[in-house]
There are 2 protein chains.
Amino acid sequence: MTRKELVEQIMKKRSFLCVGLDTDIKKIPEHLLDTEDPIFEFNKAIIDATAPWCVAYKPNLAFYEALGAKGQLALEKTVAYLKKNYPEQFIIADAKRGDIGNTSKLYARSFFEYLDVDAVTVAPYMGEDSVTPFLGYEGKWVILLALTSNKGSHDFQLIRDENGNRLFENVIKKSQEWASPDEMMYVVGATQGQMFEDIRRVAPKSFLLVPGVGAQGGSLEEVCRYGMIDDCGLLVNSSRGIIYASTGRDFAEVAGAEAKKLRDQMDGLLK
Amino acid sequence: MTRKELVEQIMKKRSFLCVGLDTDIKKIPEHLLDTEDPIFEFNKAIIDATAPWCVAYKPNLAFYEALGAKGQLALEKTVAYLKKNYPEQFIIADAKRGDIGNTSKLYARSFFEYLDVDAVTVAPYMGEDSVTPFLGYEGKWVILLALTSNKGSHDFQLIRDENGNRLFENVIKKSQEWASPDEMMYVVGATQGQMFEDIRRVAPKSFLLVPGVGAQGGSLEEVCRYGMIDDCGLLVNSSRGIIYASTGRDFAEVAGAEAKKLRDQMDGLLK
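Trainee: I tried to follow the packing of helix α2 (residues 38-50) of chain A against helix α4 (residues 68-85) of chain A on my own but got confused; where do I start?
Mentor: When two helices pack together, you describe them by how their axes are tilted relative to each other and by the distance separating the axes. Residues and elements named next belong to chain A. α4 packs onto α2 with a crossing angle of 25° between their chain directions and a minimal axis gap of 9 Å. Overall, the two elements α2 and α4 adopt an arrangement that is roughly parallel. The crossing of α2 and α4 is right-handed. Contact residues: Ile39, Phe40, Asn43, Lys44, Ile47 and Asp48 in α2; Ala74, Lys77, Thr78, Tyr81 and Leu82 in α4. Grouping the constituent residues of the contact of α2 with α4 by class yields six nonpolar, two polar and three charged.

What follows is the structure, encoded as structure tokens:
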């Protein structure tokens, strides 16, 4: 999906919500456990209930890999279901991959040719040749980790170099030599608040994927105040706050209502 | 596997060789493509031929994920084959994972409970809470990326902080607050040569997993001169240089001979 198409969806739906499909077999409603593929059944119901209020879905691969080959199948079925029934949705494989060149090339093939999602999250530690194999697929995106939402983000990402630049700033600056803002986004945690001002100084035109609203405690208003640009430039993700809002038989309905609540806030914040 | 057990194997076999099972369906001998599971058949033959000369195997997950659920099955079968027939071998899942705490915990479960390998490679960018969920499994190891073998390692890993410490040094120093040298190793590329001296200054007791000998051009002698410690402290990996040494019907035999060649060099270099 191109940037133009993504922005059109955001403006049409008045939403820049991404729903995180972090589907944990230990947390889904009991009555689904008797079905043939509980993970897929859960995802399907969540998707049908939330699709009107969001523009993107982000399955985190860890949750599927934890189930071995069965989990891999559930993921493939979920992506296929989205592509068939909601082709306007942007699909992000949250995989945080990154390896030497010939290996990253294989990961890129997995995600962009085999699974055929729109974007994949990539870890920057190994540098240029670990990231560039994911580029050059038409309409596909790399979403590079920059300043993450977790406590550990302070361990290395904030280290200042001899010129006073922090590591996440070096990652953003350097990686813009590899890719344009039409093919690379950055992960910036909602928990980082005013840091969005610093991010916008080094990445004025890039889309940001923002996890950490909801269960992790980030503020949507603060993210928008400091992070929003003319064509929005934000995809704000909520996972647990939506998909596990209820663990009863009404889980999908309640998830839909939670997604709508966020979308209504977004409607008010969108320029 | 504990450090003591690993060192015993190294001393017994006079080898610290790790064979990288980067099994690419596009590179394996043609006559295997007619079998039910070509990837597993290839791995089995390679393992049988090389096991006397190595102490560890390292499948890189990218190669298996590229084949979807089928690849995942081939990986599971390969690990099960090793555990049944060569329980003395140390098995490393080269996955380079790392995510927020609750997600890393799931990856840890996948690798240490479900797949039941001895070690997993982890990327440090997201800091402490992305790494610690992999710790605390008895006899299991985290192998943290420090100074990788690829060209892109220069992009961020060598950035000096305000005190002159490079990022890879900060990663090694900081992570030693999280784990002892009996449960954490570091990835250091063989292509980094004399940098091993600097590594040993900050990680005098840690095992190092060293890729980059062979196809990537690193020197085994240099690695040993600067990196070897009393109980060896090195696992040197070769992937393509062994498993694709021949692409004919004699592929396993030639792989065994290549592994033996490396092992004979190692025998001479071991203290």
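Trainee: Is there a simple way to explain the pairing of strand β1 (residues 17-21) of chain B in this structure?
Mentor: Across a regular strand the side chains alternate sides, sitting on one face of the sheet and then on the other. Residue and element names in this part refer to chain B. By the criterion of burial, β1 is predominantly enclosed, with five of the five residues buried. Alternating positions in β1 separate into two faces, Leu17, Val19 and Leu21 on one and Cys18 and Gly20 on the other, with burial throughout. Alignment of β1 against strand β8 (residues 234-238), held across three bridges, turns out to be parallel. Considered in β8, the bridge of Val19 is made with Ser238. Bridging between β1 and strand β2 (residues 56-59) involves four bridges; their strand directions are parallel. Residue pairing across strands places Gly20 opposite Lys58, the latter belonging to β2. Following the chain from β1 across helix α2 (residues 38-50) to the adjacent parallel β2, one finds a crossover that is right-handed.

Trainee: What is the right way to look at the nonpolar core in this model?
Mentor: Most often, soluble globular proteins have nonpolar side chains that are buried together. Core analysis: the largest hydrophobic core is formed by 207 residues, its most contacted members being Phe16 and Leu235 of chain A together with Phe16 of chain B. For Phe16 of chain A, the contacting residues outside a window of four places in its chain are Ile10, Val55, Leu220, Cys224, Met228, Cys232, Leu234, Leu235, Val236, Met266 and Leu270 of chain A.

Trainee: When you look at the confidence of the model for chain A in this model, what are you seeing that I'm missing?
Mentor: Should pLDDT be low for a region, the predicted coordinates there are not to be read in detail. Looking at chain A as a whole, the pLDDT averages 95, with 100% of positions reaching at least 70. Across the whole predicted complex the pTM is 0.96, and at the interface the ipTM reaches 0.95.

Trainee: Would you explain the relation of the copies chain B and chain A in this entry?
Mentor: The operation relating the pair of chain copies consists of a rotation about an axis and a translation along that axis. Superposition of chain B onto chain A requires a rotation of 180° combined with a translation of 0.0 Å along the rotation axis, giving an RMSD of 0.0 Å. In short, the pair behaves as if placed about a two-fold rotation axis. The share of interface residues of chain B whose copies in chain A are also at the interface is 100%, consistent with both copies meeting through the same surface.

Trainee: Got a minute to help me understand the interface of chain B and chain A in this structure?
Mentor: Think of interface size as the accessible area that goes away when the parts come together; that is how it is often given. The interface of chain B with chain A comprises 57 residues on the first partner and 57 residues on the second. In total, about 4900 Å² of surface goes out of reach between chain B and chain A, with carbon and sulfur atoms giving 60% of it. Our enumeration of links across chain B and chain A arrives at four salt bridges. Scanning the region where chain B abuts chain A turns up 26 residue pairs in polar contact (both at pLDDT 80 or more). Residue assignment for the side of chain B that touches chain A shows that the elements contributing at least two residues are α3 (61-65), α4 (68-85), β3 (90-97), α5 (101-114), α6 (128-131), β5 (141-147), α7 (153-156) and α8 (167-175) of chain B. At seven residues, the largest contribution of residues to the side of chain B that touches chain A is made by α5 of chain B.

Trainee: Can you walk me through the state of the cysteines in this structure?
Mentor: As used here, a disulfide is simply a covalent bond connecting the sulfur atoms of two cysteines. All names here are of chain B. Going through the model one piece at a time under the given rule, you end up with zero disulfides over all chains. Not engaged in a disulfide, the cysteine Cys54 finds its nearest cysteine sulfur in Cys18; these two sulfurs lie 7.5 Å apart. Of all cysteine sulfurs, the one in Cys224 lies closest to Cys232, which takes part in no disulfide; the gap is 7.1 Å.

Trainee: Teacher, can you tell me more about the side chain of Asn170 of chain B here?
Mentor: By the secondary structure assignment, Asn170 of chain B is in helix α8. For Asn170 of chain B, a relative accessible area of 13% translates into the label buried. Residue contacts for Asn170 of chain B: discarding those within four places in its chain leaves Phe156 and Ile159 of chain A together with Asp161 and Asn165 of chain B.

Trainee: Explain unusual backbone geometry here, please?
Mentor: Leave glycine aside and you will find that most residues have negative phi; peptide bonds, for their part, are mostly trans. Residues and elements named next belong to chain A. Phi angles above zero are rare outside glycine, and Lys96 is one such case at about 50°. Summarising the element assignment, Lys96 is placed in strand β3 (residues 90-97). Positive phi, normally seen in glycine, also occurs at Asp116, with a value near 60°. Within the secondary structure, Asp116 sits in the loop between α5 (101-114) and β4 (119-122).

The rules behind each value
Residues numbered from 1 in each chain as written. Chains lettered and ligands numbered in written order. Predicted model: local features only at pLDDT ≥ 70, side-chain atom pairs only at ≥ 80, totals over all residues. Heavy atoms only, no water. Axes fitted to C-alpha atoms, helices over the stretch in contact; angles between N-to-C directions. Helix = DSSP H or I, 4+ residues; strand = E, 2+ residues; numbered from the N terminus. Parallel < 35°, antiparallel > 145°, perpendicular 65-115°, else oblique. Left-handed = near helix turned anticlockwise from the far one by under 90°. Contact = heavy atoms within 4.5 Å. Nonpolar A, V, L, I, M, F, W, Y, C, P; charged D, E, K, R; others polar. Buried < 20%, exposed > 50% of the residue type's maximum accessible area, 1.4 Å probe, protein only. Pairing = 2+ DSSP bridges. Right-handed = clockwise from strand over helix to strand, strands pointing away. Core = buried A, V, L, I, M, F, W, Y, C linked by side-chain atoms within 4.5 Å. pLDDT = per-residue confidence, 0-100. Least-squares fit on C-alpha atoms with pLDDT ≥ 70 in both. Buried area = accessible area lost by both parts, 1.4 Å probe. Salt bridge = Lys/Arg side-chain N within 4 Å of Asp/Glu carboxyl O. Polar contact = N/O pair within 3.5 Å; in protein donor to acceptor, adjacent residues only side chain to side chain. Disulfide = S-S within 2.5 Å.

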